[in-house]
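Spelled out, the chains give:
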Amino acid sequence: MKFTLDQIAGILGGKVEGDGSATVNRLDKIQEGKAGGISFLSNEKYEPFLYQTEATAVIISETLLLQKEVKCNLIRVKNPYTGFTQLLEAYSQLTKQSKQGVEEPAFMDASSSMGDFGFRGAFSYIGKNCKIGKNVKIHAQAHVGDNCEIGDNTIIHPGVKIQYDSRIGSNCEIHSGAVIGSDGFGFAPQEDGTYKTIPQIGNVIIEDNVSIGANTTVDRATMGSTIIKKGVKIDNLVQVAHNVIIGENTVIASQTGISGSTEIGKNCVIAGQAGIVGHIKIADNTTIGAKTGISKNITNKGQTLFGFVAMDLKDFLKSYAIFRNLPQIQQRIKELEKKD
Amino acid sequence: MKFTLDQIAGILGGKVEGDGSATVNRLDKIQEGKAGGISFLSNEKYEPFLYQTEATAVIISETLLLQKEVKCNLIRVKNPYTGFTQLLEAYSQLTKQSKQGVEEPAFMDASSSMGDFGFRGAFSYIGKNCKIGKNVKIHAQAHVGDNCEIGDNTIIHPGVKIQYDSRIGSNCEIHSGAVIGSDGFGFAPQEDGTYKTIPQIGNVIIEDNVSIGANTTVDRATMGSTIIKKGVKIDNLVQVAHNVIIGENTVIASQTGISGSTEIGKNCVIAGQAGIVGHIKIADNTTIGAKTGISKNITNKGQTLFGFVAMDLKDFLKSYAIFRNLPQIQQRIKELEKKD
Amino acid sequence: MKFTLDQIAGILGGKVEGDGSATVNRLDKIQEGKAGGISFLSNEKYEPFLYQTEATAVIISETLLLQKEVKCNLIRVKNPYTGFTQLLEAYSQLTKQSKQGVEEPAFMDASSSMGDFGFRGAFSYIGKNCKIGKNVKIHAQAHVGDNCEIGDNTIIHPGVKIQYDSRIGSNCEIHSGAVIGSDGFGFAPQEDGTYKTIPQIGNVIIEDNVSIGANTTVDRATMGSTIIKKGVKIDNLVQVAHNVIIGENTVIASQTGISGSTEIGKNCVIAGQAGIVGHIKIADNTTIGAKTGISKNITNKGQTLFGFVAMDLKDFLKSYAIFRNLPQIQQRIKELEKKD
């Protein structure tokens, strides 16, 4: 999609200096600007790039005094950063929402329904008795099993697998390869050393405004529901086990794992590769560092935890600083013993 | 699927108190029971919920004396927990085994064959020369490459990718997004700093009664076979590298990684996010804690290991307790040095 | 595919001893040789197997003097290891390159083009405005989004998801379930505790000769490009976040995670389950051990790092050896305090 600078100035309420009929089809960083791109200048540190950039246009402040001649066209606005963000969102929205209708062949059971303005990509699958809201994008090769519900404006990216009985809210985005509603990992040990499968008959509930990353897995509950509450953002390759509950607006970075029946509070921030054992509760506003292992309930709100077995972050760093010096510590003890 | 209470009582050899023609279509926890659901009461701790539950029916002991009036229907059996488990399995079986036939379009090469009672979902793929047993479910968008064998009653969930030459046993379950038989990670360093791909021409053998979790990866052998023996249960997002052998009835939790050519014994339990280096052997009945790194052979059976670099669990916990106190330890040394 | 021993001797420039019309269709280890397989003997340690193997043929040195009678046919060549490697590569090439044409139904938008000798498997998807080179294999159920470019001879395995705007070089191999170009994990915290999605409008660039493992995820840049330079080899289940740059010929083992905007140098070796924070630089030729956490810039080339919070490998091992003995250390301090 190409836009003229006049069109963009119109959207932003700005004023073109240069050729308003020039077109752009890409947003560039100012230091990497190329013909056909539009950039912005907000931080004065980057001003030297304004005079060098090959971008077709740069959004600048209406008050900026030019130090030199520029090669590019300019769009002057009140706040260039805000203006650029507006463009960014408009562009992203256009890209993500442009697809509509059905690319054949796509599969949808006759018992299922889908609201207006939706998209079903080629080789996408919708099973029986599904209720899909308005403006939902089920991209190519995505899978929605039997008896699922998906709310308005949700985007299901290519190759996502949503298993039967799942409920997905509105304004969610589920990224490629994510698996929602696979069986929980439940096996009862038998006397002969084998394991018997414990049926996993619950489901997954994902509330509104949730983002689930690529190749992340969210298991269905043994009974009841695995619940991801509204506003939660989960990165790629994260494991969410059966019967886990994740509180509102909690953010979880890549490759973290949460074991069965654990309940995470609201507004937590969990860094990458953290691991949380099963059957515990994590208080609201907890921050968990990268690679940190959590093996006990966290009951005080607002703590920051870190370590192979989690400690208060500051305490861990003090102990680890001494760990680095253990050879000297040992030497000092030897000295004391000698003198003794 | 709806069942009347009379039908369920018949299956369980129990007796209905209330309306035998009432129907249920869901299994609920007693504390979360809603109309249309059936629950059970086994642990007396939960008895108060019996008098409040909105479930349509509750399975209780034939000997239980009611303390108050109940709103729900009852099914009295010898052992409510066993009875409920029977229902759970029957329900799960019905859900998982109900699909049969072919959902078009599905792809199967003419040289491949599939036994009776099977299911091939829409957009599923079966390559050349495959032998698929009886009652096998190849769900929508699943992939079975050329020259594969799959035993009876195995379930291949939506979007699973089984690459060429793989052999999967009977009564296995492979969950969505798992990849079986991708190339092992083998590259020979060249003098100019580049790497040359070492062809990976082996395969993967998965024996009977194995479960493989969602988005788990099992690489084919460089030569010979990567082997997962009978009864092994593997959780989500686990990495099993080329030429690994995993012994019978070993259980591996989420996000664990096992490097190339390592051999894991029988009846081991490996917790989440553990990592095991390549070319080692782990004895039978070994327990490996979460996040634990194993870098050497484990030769004694029945050990429990834990730690960033694995130690005996008890030893690790003792050392870690002192690690937490290293600042005080350092202070005590300073005191001694002062007095010295 | 079957080959006669005469054919193979012709390829290798060797000489058959035995039945040149015997056929083989498999490469076996000499100790596991079975009828229909061909093995090789290079290391004299394995010579005893030569007299026992059930392989149809074994490749041996032209100068080897037999100690006993052999049951198998022989192909004598100058260097058996080199000869076998030649066969291995030829075999692997045949397997991987044999597919050509289109398996219907496959989806390719009319605006996209594909070079000669290519393959598009059933249920594969190619969006709008894609330029696919010569001899490219897009296997069954693989996905190539709008505006992608893929260079010659690249193999896209079953179920790979390449999102819109990605550029993949020549001679690359992307393994099943990998996701290229999913949105970066970018959310701006709002005053009410919710998060606002930061549009991710950049792309992914993968240069020539790159291998990406099964179920690995490579996120698109927020703006600009996430770049994986030529010759990089990435294992399974690795996370590469937005705007990461990975230098030439760097090798990354399974389950490692690299956070946003980090730049990894050339010829680095990163072991499994390592974690690297965002916005840092790692110097060329750095070696990072398994499970190691990197939280700072690594500026000196050629270091080897290890540890929960990375240290020089040798220093870590010294400190960890003392960590294992902390209970005794504590005891020694107690003794000193008593005597004091």
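Residues numbered from 1 in each chain as written. Chains lettered and ligands numbered in written order. Predicted model: local features only at pLDDT ≥ 70, side-chain atom pairs only at ≥ 80, totals over all residues. Heavy atoms only, no water.

Undergrad: I keep staring at the sheet that holds strand E7 (residues 73–77) of chain A and nothing clicks. Help me out?
TA: Pairing between the strands of a sheet comes from backbone hydrogen bonds, and it takes one of two forms, parallel or antiparallel. All names here are of chain A. Across the sheet, which stays open at both edges, the 5 strands sit in the order E2-E7-E6-E5-E4 with mixed pairing between neighbours. The two strands at the open ends of the sheet, each matched to only one other strand, are strand E2 (15–17) and strand E4 (26–27). Sheet analysis places E2 next to E7, joined by 3 bridges and oriented antiparallel. Looking at the pairing, Lys15 lines up with Arg76 of E7. Contacting E2, strand E5 (37–40), strand E6 (57–61) and E7, helix H1 (residues 5–12) crosses the sheet at an angle of about 10° to E7. (Pairing = 2+ DSSP bridges. Helix = DSSP H or I, 4+ residues; strand = E, 2+ residues; numbered from the N terminus. Contact = heavy atoms within 4.5 Å. Axes fitted to C-alpha atoms, helices over the stretch in contact; angles between N-to-C directions.)

Undergrad: How should the interface of chain C and chain A be read in this particular structure?
TA: Interfaces are frequently sized by the accessible area removed from exposure as the parts join. Contacts between the two partners involve 62 residues from chain C, matched on the other side by 63 residues from chain A. Where chain C abuts chain A, roughly 4,800 Å² becomes buried across the two surfaces, and 64% of that area is made up of carbon and sulfur atoms. Summed over the three residues of chain C that lose the most area to chain A, namely Phe185, Met223 and Phe308 of chain C, the buried surface amounts to 15% of that side. Remark: the boundary between chain C and chain A carries 4 salt bridges. Glu337 of chain A serves as the salt-bridge partner of Arg332 of chain C, at 2.8 Å between the closest nitrogen and oxygen. Connecting chain C to chain A are 27 residue pairs in polar contact (both at pLDDT 80 or more). (Buried area = accessible area lost by both parts, 1.4 Å probe. Salt bridge = Lys/Arg side-chain N within 4 Å of Asp/Glu carboxyl O. Polar contact = N/O pair within 3.5 Å; in protein donor to acceptor, adjacent residues only side chain to side chain.)

Undergrad: Any chance you could explain the packing of helix H4 (residues 313–324) of chain B against helix H4 (residues 313–324) of chain C here in plain terms?
TA: Angle between the axes and distance between the axes are the two parameters that describe a pair of packed helices. Between H4 of chain B and H4 of chain C, the shortest axis-to-axis distance is 9 Å and the interhelical angle comes to 105°. Taken together, the axes of H4 of chain B and H4 of chain C are roughly perpendicular relative to one another. For the pair H4 of chain B and H4 of chain C, contact is made by Phe316, Ser319, Tyr320 and Phe323 of chain B and by Tyr320, Phe323 and Arg324 of chain C, respectively. (Parallel < 35°, antiparallel > 145°, perpendicular 65-115°, else oblique.)

Undergrad: Please clarify how the relation of the copies chain A and chain B should be interpreted in this entry.
TA: A rotation about some axis, followed by a shift along it, carries one copy of the chain onto the other. In screw terms, the move from chain A to chain B is a rotation of 120° and a rise of 0.1 Å along the axis, fitting with an RMSD of 0.1 Å. Taken together, the turn and the small shift mark the pair as related by a three-fold rotation axis. (Least-squares fit on C-alpha atoms with pLDDT ≥ 70 in both.)

Undergrad: I keep staring at the confidence of the model for chain A and nothing clicks. Help me out?
TA: Here chain A averages 95 in pLDDT, while 99% of its residues score no lower than 70. With a pTM of 0.93, the predicted complex shows an ipTM of 0.92. (pLDDT = per-residue confidence, 0-100.)

Undergrad: Would you mind going over the environment of Gln163 of chain B with me for this structure?
TA: Secondary-structure assignment places Gln163 of chain B in the loop between strand E18 (161–162) and strand E19 (167–168). Owing to a relative accessible area of 4%, Gln163 of chain B belongs among the buried residues under this scheme. Each C-alpha atom, one on Gln163 of chain B and one on Asp315 of chain B, is 43 Å from the other, the two residues being 152 residues apart in sequence. Among residues more than four places away in sequence, those in contact with Gln163 of chain B are Gly145, Cys148, Ile180, Gly181, Ser182 and Arg220 of chain B together with His157, Pro158 and Ser176 of chain C. Within the local environment of Gln163 of chain B, its side chain forms a polar contact with the side chain of His157 of chain C, the two groups lying 3.4 Å apart. (Buried < 20%, exposed > 50% of the residue type's maximum accessible area, 1.4 Å probe, protein only.)

Undergrad: I keep staring at empty space enclosed by the protein and nothing clicks. Help me out?
TA: Unfilled space is identified by rolling a water-sized probe across the atoms. For the coordinates displayed, the defined rule picks out 5 cavities of 30 Å³ or more. Taken as a whole, the largest cavity encloses approximately 240 Å³ of empty space. In terms of lining, the largest cavity is formed by 15 residues, of which the most central are Gln273 of chain A, Gln255 and Gln273 of chain B together with Gln255 and Gln273 of chain C. Residues that form the lining of the largest cavity fall into these classes: 6 nonpolar, 6 polar and 3 charged. In this structure, the second largest cavity spans a volume of roughly 130 Å³. Lining the second largest cavity, in full, are Phe308, Phe316, Tyr320 and Phe323 of chain A, Phe308, Phe316, Tyr320 and Phe323 of chain B together with Phe308, Phe316, Tyr320 and Phe323 of chain C. The set of elements that each furnish at least two residues to the lining of the second largest cavity consists of helix H4 (313–324) of chain A, H4 of chain B together with H4 of chain C. (1 Å grid on protein atoms, 1.4 Å probe; cavity = no way out; pocket = protein on both sides within 12 Å on 5 of 7 lines; lining within 4 Å. Points joined across faces, edges and corners; volume = space filled by probe spheres on them. Nonpolar A, V, L, I, M, F, W, Y, C, P; charged D, E, K, R; others polar.)

Undergrad: Is there a simple way to explain the pattern of salt bridges in this structure?
TA: Where charged atoms from two side chains of opposite charge approach closely, those side chains can pair. All names here are of chain C. Per the counting criterion, the structure on display carries 30 salt bridges over all chains. Between Arg76 and Glu17 there is a salt bridge whose closest N-O contact spans 2.5 Å. Of the two residues, Arg76 sits in strand E7 (residues 73–77) while Glu17 sits in strand E2 (residues 15–17), which places them 59 residues apart along the sequence. Owing to a relative accessible area of 12%, Arg76 belongs among the buried residues under this scheme.

Undergrad: Honestly, the interface of chain A and chain B in this entry has me stumped. Any pointers?
TA: The interface is formed by 61 residues belonging to chain A together with 63 residues belonging to chain B. Across the chain A to chain B interface the summed buried area is about 4,800 Å²; carbon plus sulfur atoms make up 64%. Considering only the side of chain A, the residues that lose the most area to chain B are Phe185, Met223 and Phe308 of chain A, jointly responsible for 16% of the buried surface there. Where chain A packs against chain B, one counts 4 salt bridges. The salt bridge involving Asp146 of chain A is made with Lys99 of chain B; its shortest N-O contact spans 2.9 Å. Across the contact surface, chain A and chain B share 27 residue pairs in polar contact (both at pLDDT 80 or more). For the side of chain A that touches chain B, the secondary structure elements donating two or more residues are strand E21 (179–182), strand E23 (195–197), strand E26 (217–219), H4 and helix H5 (326–339) of chain A. Broken down by class, the residue content of the side of chain A that touches chain B amounts to 29 nonpolar, 23 polar and 9 charged.

Undergrad: When you look at helix H3 (residues 80–97) of chain C in this model, what are you seeing that I'm missing?
TA: Every α-helix winds through 3.6 residues per turn, so residues three or four apart in the chain are directed the same way. Residue and element names in this part refer to chain C. For H3, with 18 residues, the first-to-last C-alpha span of 25 Å sits near the 26 Å given by 1.5 Å per residue. Every buried residue belonging to H3 is among Pro80, Gly83, Phe84, Leu87, Leu88, Ser92, Lys96 and Gln97, and all of these are buried. Its side-chain oxygen 3.0 Å from the backbone nitrogen of Tyr81, Asn79 forms the N-cap of H3. (Expected span 1.5 Å × (residues − 1).)

Undergrad: What's the story with the pairing of strand E24 (residues 203–206) of chain A in this structure? I'm lost.
TA: Side-chain direction in a regular strand flips from residue to residue, so the side chains alternate between the two faces of the sheet. Residues and elements named next belong to chain A. Here 2 bridges tie strand E19 (residues 167–168) to E24, and the two strands are oriented parallel to one another. Residue Arg167 lies in a different strand from E24, and its bridge partner there is Ile205. Pairing of E24 with strand E27 (residues 225–228) involves 4 bridges; the strand directions are parallel. Its bridge partner being in E27, Asn203 is matched across the sheet by Ser225.

Undergrad: Can you walk me through the pairing of strand E7 (residues 73–77) of chain B in this structure?
TA: Residue and element names in this part refer to chain B. Taking burial as the measure, the 5 residues of E7 include 5 buried ones, the bulk of the element. In the sheet, strand E6 (residues 57–61) pairs with E7 via 5 bridges, with the strands oriented parallel. Within E7, the residue paired with Ser61 across the bridge is Val77.

Undergrad: What is the right way to look at the UniProt feature "active site" (unreviewed entry) in chain A in this model?
TA: Residues and elements named next belong to chain A. Summarizing the sequence annotation, UniProt attributes the feature "active site" (unreviewed entry) to His242 in the numbering used throughout. When you line up the elements, His242 lands in the loop between strand E29 (239–240) and strand E30 (245–246). Judged by its relative accessible area of 14%, His242 falls in the buried class. Not counting residues within four places of it along the chain, the set of residues in contact with His242 comprises Gly184, Phe185, Gly186, Gln200, Asp219, Arg220, Ala221, Thr222, Thr226, Gly260 and Ser261. (UniProt positions renumbered as here; feature names shortened; annotations may be inferred.)

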